[in-house]
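Below are the chains, spelled out letter by letter.
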Amino acid sequence: MTGILTALILLSSSGLICGALLTVASVFMSTEKDEREVAIRAALPGVNCGACGYGTCDGYAAALASDNTVKTNLCIPGADSVAEKLSQLTGAPFESVVERIAYVKCGGGCSQTVRKYQYEGCSTCAAANMLYGGIWECEWACQGFGDCVLACPEEAISIVDGMARINTRKCTGCGICVSVCPKGIIEMFDDSSRVIVTCSNHDKGAVARKKCKKSCIACRRCEKACPTDAIKIEDNLARINYELCTGCGECAKVCPTGCIEYSDFRGVHNINKM
Amino acid sequence: MIKTLTIIFVSSILVDNYVLTRFLGICPFLGVSRKLDQAVGMGVSVIFVMLCATAVTWPIQIFILDKLGLGYLQTLVFILVIAALVQFVEITLKKFLPSLHSALGVYLPLITTNCIVLGVAINNITDGYNFLESIVSSLGVGIGFLFAMVLFSGVRTRLENTGVPETFRGLPITLVAASIVSLSFYGFAGVIEGMLS
């Protein structure tokens, strides 16, 4: 009988001690959770894309709550409406968000680029890329297995003619696709941009031309056509300085291979402002 | 003295690797081994919790349970104490070492009463280790766990880029891979005898 009693007493007393200890600890060592931080976190979209530079939405909320100098317009998927809410919560002045969109800098695909080999392995870009640098002759070509399609939270990307095409009208600018592309050929652009060079090939003109019909052959015709000197050939590839670009589209008109795209790239946040 | 400690340490890392030869702690081993940084975080948390748990449970067993002749309450009391301890450690870390808490915090509740933690605490008693030996043995087991996690996260990264047949995708192929890795650990059997002679 005493055996059961001691066991009972021991067990319940150790339970009591542990419970008491935890209660005391939670009272004495409680860390105050900032109510403003919770409210700020609730206002953020929760995509955890990292476009703000703080890694996660939680991180951005913590930074906003603790530091008044942190800007409220860093959340790109949230755009102006979130920036406005954040400004109200923190009391910081409202600044408009520069909306961004992602775009694939490749114009290749089945009808343009020359195939290097017949691939029958695991159908992801990452796997194909590990085998001799991918399935196309061009090392910078979109593999078209759709790693970015799976990653896109907005379903803005689709595979057309063997390469990824981004529907910028659906793009929120989170930049998740940029990080999953094994080729690193998806880039973020301000959605006010009107021209994008859709080629990433750094080969010399003649070599590039043999690999893909739509490659940049570094002919410099765009350089000459540009009225503001915004487009320059660097390392055999045309590159646009968007600070100087006026969006006139002259470069796209003269490009012999058609690798400069002239269009309206406005993303999901600005469609209604058309 | 040092010789026994070394033997305990090495054997608990390699020969008696808890994950790969005793199949304890399989849940975090399969769950968090997908990425290397997560695997390392989990491993370090396990080492930390194991050391705390052993340091607390060994005196409880020797000075309370054995004295009162209540050895059969071992499992119950250990679970209770370890669970409370981990909670307590989490609260303390949050207050005093927020940086460490943000690194280990996610994993601590996951391993509150994981079988590998409880297994080490109980095995230290059944193997008849003294306090120092218990601490060394749990450190070894923890490092062995970290070792297995890191090795296996490498295997899994490779697995992700192979064309696994549809029926085997996910957990099945992971378990098959785990069994092959654990088979390789049987190669360490006898290493300790070699060290002794």
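Residues numbered from 1 in each chain as written. Chains lettered and ligands numbered in written order. Predicted model: local features only at pLDDT ≥ 70, side-chain atom pairs only at ≥ 80, totals over all residues. Heavy atoms only, no water.

Enquirer: Would you mind going over the pairing of strand β1 (residues 100-104) of chain A with me for this structure?
Expert: Side-chain direction in a regular strand flips from residue to residue, so the side chains alternate between the two faces of the sheet. Residues and elements named next belong to chain A. Most of β1 is tucked away, with four of its five residues classed as buried. Pairing of β1 with strand β4 (residues 186-190), which is carried by five bridges, proceeds in the antiparallel orientation. Among the inter-strand pairings, tyrosine 103 is bridged to a residue of β4, identified as glutamate 187. (Buried < 20%, exposed > 50% of the residue type's maximum accessible area, 1.4 Å probe, protein only. Helix = DSSP H or I, 4+ residues; strand = E, 2+ residues; numbered from the N terminus. Pairing = 2+ DSSP bridges.)

Enquirer: It is not clear to me how the pattern of salt bridges should be interpreted in this structure. Could you clarify?
Expert: Where charged atoms of side chains with opposite charge meet at close range, the side chains can pair. All names here are of chain A. Throughout the structure, instances matching the rule amount to 10 salt bridges over all chains. One salt bridge connects lysine 253 with glutamate 250, and the closest N-O pair in it is separated by 3.4 Å. Of this pair, lysine 253 and glutamate 250 are both found in helix α10 (residues 250-254), three residues apart, which corresponds to roughly one turn of the helix. By relative accessible area, which is 61% here, lysine 253 ends up exposed. For glutamate 250, a relative accessible area of 31% corresponds to the partly exposed category. One salt-bridge network, held together by shared partners, links Lys105, Glu187 and Arg239. (Salt bridge = Lys/Arg side-chain N within 4 Å of Asp/Glu carboxyl O.)

Enquirer: It is not clear to me how the side chain of Thr257(A) should be interpreted in this structure. Could you clarify?
Expert: Residues and elements named next belong to chain A. Along the polypeptide, threonine 257 turns up in the loop between α10 and β8 (260-262). Among the polar contacts listed, one links the side chain of threonine 257 to the backbone oxygen of serine 215, at a separation of 2.9 Å. Apart from residues no more than four positions distant in its own chain, threonine 257 is found in contact with Arg209, Lys213, Lys214, Ser215 and Ile217. (Polar contact = N/O pair within 3.5 Å; in protein donor to acceptor, adjacent residues only side chain to side chain. Contact = heavy atoms within 4.5 Å.)

Enquirer: Please clarify how the interface of chain B and chain A should be interpreted in this entry.
Expert: Quoted interface sizes are often the accessible area lost when the parts come together. Between chain B and chain A, the contact holds 21 residues from the first and 20 residues from the second. The junction of chain B with chain A conceals about 1600 Å² of combined surface from both sides, 84% of it contributed by carbon and sulfur atoms. At the boundary of chain B and chain A, one finds zero salt bridges. When residues of the side of chain B that touches chain A are traced back to their parent elements, those giving at least two are α3 (36-68) and α4 (74-96) of chain B. By residue number, the principal contributor to the side of chain B that touches chain A is α4(B), which donates 12 residues. When grouped by side-chain class, the residues that make up the side of chain B that touches chain A number 14 nonpolar, five polar and two charged. (Buried area = accessible area lost by both parts, 1.4 Å probe. Nonpolar A, V, L, I, M, F, W, Y, C, P; charged D, E, K, R; others polar.)

Enquirer: I'm lost on the environment of Ala238(A) in this one. Help?
Expert: Residue and element names in this part refer to chain A. Considering the arrangement of structural elements, one finds alanine 238 in strand β7 (residues 237-240). Put simply, alanine 238 and cysteine 222 are 16 residues apart on the chain and 8.1 Å apart in space, counted from C-alpha to C-alpha. Each residue touching alanine 238, except ones within four places of it in the same chain, is listed here: Val197, Cys216, Cys222, Ile231, Lys232 and Ile233.

Enquirer: Please clarify how the packing of α3(B) against helix α6 (residues 115-126) of chain B should be interpreted in this entry.
Expert: Helices that pack against each other are described as a pair by the angle of their axes relative to one another and the distance between those axes. Residue and element names in this part refer to chain B. Running from N to C, α3 and α6 cross one another at 40 degrees; their axes reach a closest spacing of 9 Å. Between α3 and α6, the angle falls in the class oblique. Crossing of α3 over α6 shows right-handed handedness. Packed against α3, whose contacting residues are Val49, Met50, Ala53, Thr54, Thr57, Trp58 and Gln61, the element α6 presents Ile116, Val117, Val120, Ala121, Asn124 and Ile125 at the interface. (Axes fitted to C-alpha atoms, helices over the stretch in contact; angles between N-to-C directions. Parallel < 35°, antiparallel > 145°, perpendicular 65-115°, else oblique. Left-handed = near helix turned anticlockwise from the far one by under 90°.)

Enquirer: When you look at the packing of aromatic side chains in this model, what are you seeing that I'm missing?
Expert: When we look at a pair of aromatic rings, we describe it by the centre distance and by the angle of the planes. As enumerated under the stated definition, the model contains 11 aromatic pairs over all chains in all. Here Phe189(A) and Tyr242(A) contribute two aromatic rings whose centre-to-centre distance is 5.8 Å and whose plane-to-plane angle is 70 degrees, an arrangement assigned as edge-to-face. Within this pair, whereas Phe189(A) is found in strand β4, its partner Tyr242(A) is found in the loop between β7 and α10, the two being separated by 53 residues in sequence. Ring geometry for Phe29(B) versus Phe152(B): centroids 4.6 Å apart, planes at 25 degrees, classification stacked. Of the two residues, Phe29(B) is situated in helix α2 (residues 26-31) and Phe152(B) in helix α7 (residues 131-160); the sequence distance between them amounts to 123 residues. Within the aromatic cluster, the residues linked to one another by ring pairs are Tyr117(A), Tyr119(A), Tyr132(A) and Phe145(A). (Phe/Tyr/Trp six-rings, centres within 6.5 Å; stacked < 30°, edge-to-face > 60°.)

Enquirer: Even after reading the chapter, I still don't get the confidence of the model for chain B, so can you show me in this structure?
Expert: Close inspection of predicted coordinates is inappropriate in any region flagged by low pLDDT. Residues and elements named next belong to chain B. Scored by pLDDT, chain B comes out at a mean of 86, with 99% of its residues at no less than 70. The secondary structure element of chain B with the lowest average pLDDT is helix α9 (residues 191-196), at 73, and the one with the highest is α7, at 91. Two summary scores accompany this predicted model of the complex, namely pTM at 0.61 and ipTM at 0.71. (pLDDT = per-residue confidence, 0-100.)

Enquirer: Explanation requested: the packing of α7(B) against helix α8 (residues 171-185) of chain B in the structure shown.
Expert: All names here are of chain B. The geometry of α7 relative to α8 is characterised by a closest axis approach of 11 Å and an angle of 135 degrees between their N-to-C directions. Classified by the angle between their axes, α7 and α8 sit oblique to one another. Taken as a pair, α7 and α8 cross one another with a handedness that is right-handed. In this structure, α7 uses Phe147, Leu151, Phe152, Val155, Arg156 and Leu159 to contact α8, whose residues at the interface are Ile173, Thr174, Ala177, Ala178, Val181 and Phe185.

Enquirer: Looking at this structure, how should I read the nonpolar core?
Expert: Here is a general trend for soluble globular proteins: nonpolar side chains tend to be buried in one another's company. In this structure, Phe29(B), Leu65(B) and Ile116(B) are the most contacted members of the largest nonpolar core, which totals 51 residues. Of all the secondary structure elements, the ones that give two or more residues to this core are α1 (2-28) of chain A together with α1 (2-15), α2, α3, α4, α6, α7 and α8 of chain B. Once you skip the residues sitting within four places of it in the chain, Leu65(B) turns out to touch Leu10(A), Ile60(B), Leu70(B), Gly71(B), Leu73(B), Gln74(B), Val77(B) and Phe78(B). Core analysis: the second largest hydrophobic core is formed by 31 residues, Ile135(A), Cys171(A), Cys177(A) and Phe265(A) among them. (Core = buried A, V, L, I, M, F, W, Y, C linked by side-chain atoms within 4.5 Å.)

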